[in-house]
Amino acid sequence: MELTLYNTLGRTLQTFKPIKPKEIYIYACGPTVYNFAHIGNLKTYINEDILKRTLRFNGFKVKHVENITDVGHLVSDEDTGEDKMELSASKEGLTIWEIAGKYTQAFKEDITALNIQFPNVWCKATDHINEQIELVKKLEELGLTYIIEDGVYYDTSKFSDYGILGGQKLEELQAGARVQLAEGKRNNTDFALWKISPKESKRLMEWESPWGVGFPGWHIECSAMALKYLGEQIDIHCGGVDHVKVHHTNEIAQVEPVTQKKWVNFWFHVEFLNEKDGKMSKSKGEFLTLSLLKKKGFEPLAYRYYVLNSHYRSKLNFSFEALESARQGFSNLIDKISLLKADVAPGEVAHAQLDDIHLNINTIINKDLNTPELMAYMWKVIKDQSINVQTKLDSLQYFDQILGLELLKIEAKKEEDVEVSSDLQDLLDKRNEAKKLRDFKTADALRNEIQAQGYAIIDTKDGAKLKKL
Ligand code: AMP
Ligand code: ZN
């Protein structure tokens, strides 16, 4: 079935075509591990998980590589300022390696709690310093770099496609870029490939290189590791929208002149989760984490449910009120499913109906990962009186292959008596009478009437009971 995805490269919805017939190669920018992930970061990983699950739903194998940035980014994106990892190490009184270990572990726990499937390969920047140096050497051989006092820089004016991803020409980018901060930079958009450590200070993380002791610039790791694990061409590269204009633009500039090939077919970018006062960001200091949500009584999967109620390309403005209403919705869903599971007369699965549901799920999600529509459709199926309980239960496995809300793990509710109004009891008595008289037509009509009021009839050895649908 046709799968349509929005491609930042070209800014249009496009039909997805894999490079290899059966296996899709995905690279996703991973976390910078100097602090906990905030719930905005986690939104991006939830949406990327939906992408992967959708590809699998469509019968593809997926190879997913994700980096762990455990080498310091500088506080500002302009290659200056303090190193975030070093700053965090000194604040917490830990070594930089301990900081990286602590927050990598915390990140893995968060994504496990959110039922996000792990990548096939996690790769740490510090384990791939040689690959990064080698790539910088290749760029140097191609004449794309220059050296100034604090490092090796990429000369963006030498790459004719620079800025193609953000849909801007180099001149426009130059005009928009912030003031040039490093002394000697030729163009505002030039960026560091290798930073040389200042002579007077010893950094906690630094390595030998042909240009002197130092550390890699913050864009080179993704290019080097993607090339190592996925080869010269990949199907999809993912990240948050903040990465379009700088990080991913620079990643392309680092790869395509070396391979002389189009590197990435689809660029998949997730819109931001914002707070009332603007975007959520780690460097602001205070931010919302998954543990904080847990402390406030919100289950991680309720957060996942909240995120999936909006489209990945829409900005999501966070509020606790909206999260609370998603939590309610999720809890109602669990109640409904557990009642379905408790049904003692679920009926036989209706295969044709189940196939239709499967097809509808596929059609909805293949339209640029429309999770809000898929959630609405799931509710429609659950409430649909013309679908029997067993068919509904079987359909949940399909919904959950994509949504990943652990719907199949929900337990059946213990038998409970429902309070029945006298009108309903009347209908039930009439239906029982009709059944006794073998007037099945009337009995069926009464059953439908009862169902229309939201109740199922369960025939037990102690007589017919009603159960809320
Ligand atoms: P970082 O750990 O800062 O490198 O970010 C990890 C991922 O989260 C990247 O793909 C970012 O683009 C993404 N990201 C950062 N801030 C937000 C936000 N407020 N909402 C959604 N995604 C974000
Ligand atoms: Zn990256």
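Use the structure listed above.
Residues numbered from 1 in each chain as written. Chains lettered and ligands numbered in written order. Predicted model: local features only at pLDDT ≥ 70, side-chain atom pairs only at ≥ 80, totals over all residues. Heavy atoms only, no water.

## Topic: the overall build of the protein
Check the secondary structure of the protein and you find 15 helices and 16 strands. In terms of principal-axis extent, the alpha carbons of the protein reach across some 95 × 45 × 35 Å. Looking at the protein residue by residue over its 469 residues, the buried ones come to 54%. For the protein, the accessible area works out to roughly 21400 Å², and carbon and sulfur atoms hold 50% of it. Treating the 61 positive side-chain charges of the protein as one cloud and the 70 negative ones as another, the clouds have centres 3 Å apart. (Helix = DSSP H or I, 4+ residues; strand = E, 2+ residues; numbered from the N terminus. Buried < 20%, exposed > 50% of the residue type's maximum accessible area, 1.4 Å probe, protein only. Areas by Shrake-Rupley, 256 points an atom, 1.4 Å probe, with all protein chains shown as cover. Lys, Arg positive; Asp, Glu negative; His and termini not counted. Charge placed at Lys NZ, Arg CZ, Asp CG, Glu CD.)

## Description of the coordination of the zinc ion (ligand 2)
Protein-derived ligands of the zinc ion (ligand 2) are Cys29 (SG), Cys222 (SG) and His247 (NE2), with the metal-ligand distances lying across 2.1 to 2.2 Å. Counting residues between consecutive donors of the zinc ion (ligand 2) along the chain gives the motif C-x192-C-x24-H. One end of the pair, Cys29, is in the loop between strand 3 (23–28) and helix 1 (39–57); the other, His247, is in helix 7 (residues 244–259), and 218 residues separate them in sequence. Judged by its relative accessible area of 6%, Cys29 is buried. (Donors = N, O, S within 2.8 Å, 3.2 Å for Na, K, Ca; no water.)

## Describing the site of ligand 1
The environment of ligand 1 is formed by 17 residues, the closest being Gly40, Thr44, Gly240, Asp242 and Leu273. A distance of 3.0 Å separates an oxygen atom of ligand 1 from a polar atom in the backbone of Gly240. Asp242 has a polar side-chain atom sitting 2.5 Å from an oxygen atom of ligand 1. Relative to its unbound accessible surface of 500 Å², ligand 1 loses 91% to contact with the protein. Elements with a contribution of two residues or more to the shell around ligand 1: helix 1 and strand 10 (234–240). Considering only residue class, the shell around ligand 1 consists of five nonpolar, nine polar and three charged. (Near = heavy atom within 4 Å. Polar contact = N/O pair within 3.5 Å; in protein donor to acceptor, adjacent residues only side chain to side chain. Nonpolar A, V, L, I, M, F, W, Y, C, P; charged D, E, K, R; others polar.)

## Overview of the packing of helix 10 (residues 320–342) against helix 13 (residues 389–403)
When two helices pack together, their arrangement is given by the angle between the helix axes and the distance between those axes. One can describe the packing of helix 10 onto helix 13 by two numbers: an axis separation of 9 Å at closest approach and a directional angle of 130 degrees. When the axis of helix 10 is compared with that of helix 13, the two are oblique. In terms of crossing hand, the pair formed by helix 10 and helix 13 is left-handed. Mapping the contact onto sequence places Ile337, Leu340 and Lys341 in helix 10 and Val389, Lys392, Leu393 and Leu396 in helix 13. (Axes fitted to C-alpha atoms, helices over the stretch in contact; angles between N-to-C directions. Parallel < 35°, antiparallel > 145°, perpendicular 65-115°, else oblique. Left-handed = near helix turned anticlockwise from the far one by under 90°. Contact = heavy atoms within 4.5 Å.)

## A few points about helix 4 (residues 129–141)
Taking 1.5 Å of rise per residue, 13 residues should cover 18 Å, and helix 4 covers 18 Å from first to last C-alpha, within 8% of that figure. By the burial criterion, the buried members of helix 4 are Ile129, Gln132, Ile133, Leu135, Val136 and Leu139. Seen from one end, helix 4 has its buried residues packed into an arc of 160 degrees, which puts them on one side. Relative to its buried face, helix 4 has exposed residues pointing more than 90 degrees away, namely Asn130 and Glu141. (Expected span 1.5 Å × (residues − 1). Arc of directions from axis to C-beta.)

## Remarks on the sheet that holds strand 6 (residues 145–148)
Spatially, four strands are ordered 6-7-8-9 in an open sheet, and the strand pairing comes out antiparallel. Looking along the sheet, the strands with just one partner apiece sit at the ends: strand 6 and strand 9 (214–216). Within the sheet, the average angular offset between the axes of one strand and its neighbour, ignoring direction, is 25 degrees. Where strand 8 (residues 191–196) lies against strand 9, three bridges are found, and the strand directions are antiparallel. Bridge pairing links Lys195 to Phe215 in strand 9. Together, strand 6, strand 7 (151–154), strand 8 and strand 9 form the strand contacts of helix 4, whose direction differs from that of strand 8 by roughly 120 degrees. (Pairing = 2+ DSSP bridges.)

## Focus: empty space enclosed by the protein
By rolling a water-sized probe across the atoms, one finds the places where empty space is left. Summed over the entire model, instances satisfying the criterion amount to four cavities of 30 Å³ or more. Looking at the largest cavity, its volume works out to about 110 Å³. Of all the secondary structure elements, the ones that give two or more residues to the lining of the largest cavity are strand 3, helix 1 and strand 4 (61–68). The leading source of residues in the lining of the largest cavity is helix 1, at five residues. By residue class, the composition of the lining of the largest cavity is eight nonpolar, two polar and four charged. (1 Å grid on protein atoms, 1.4 Å probe; cavity = no way out; pocket = protein on both sides within 12 Å on 5 of 7 lines; lining within 4 Å. Points joined across faces, edges and corners; volume = space filled by probe spheres on them.)

## Section: the packing of aromatic side chains
Tallied over the full model, the rule gives 17 aromatic pairs. Taking the centre distance of 6.1 Å and the plane angle of 80 degrees together, the rings of Phe16 and Phe60 count as edge-to-face. Taken together, the positions of Phe16 in the loop between strand 2 (12–15) and strand 3 and Phe60 in the loop between helix 1 and strand 4 put the pair 44 residues apart, joining distant regions of the chain. In this structure Phe16 comes out as buried when scored by relative accessible area, which is 6%. (Phe/Tyr/Trp six-rings, centres within 6.5 Å; stacked < 30°, edge-to-face > 60°.)

## A look at the pattern of salt bridges
All chains considered together, the criterion is met by 14 salt bridges. A salt bridge links Glu232 to Lys261; the nearest nitrogen and oxygen atoms lie 2.5 Å apart. One end of the pair, Glu232, is in the loop between helix 6 (220–230) and strand 10; the other, Lys261, is in the loop between helix 7 and strand 11 (264–270), and 29 residues separate them in sequence. With relative accessibility at 37%, the residue Glu232 sits in the partly exposed group. (Salt bridge = Lys/Arg side-chain N within 4 Å of Asp/Glu carboxyl O.)

## Details of the pairing of strand 3
Taking burial as the measure, the six residues of strand 3 include five buried ones, the bulk of the element. Taking the sense of rotation as the criterion, the β-α-β connection linking strand 3, helix 1 and strand 4 turns out right-handed. By the bridge criterion, three bridges tie strand 3 to strand 10 in an arrangement that is parallel. Each residue of the ladder has a partner; that of Ala28, found in strand 10, is Cys238. (Right-handed = clockwise from strand over helix to strand, strands pointing away.)

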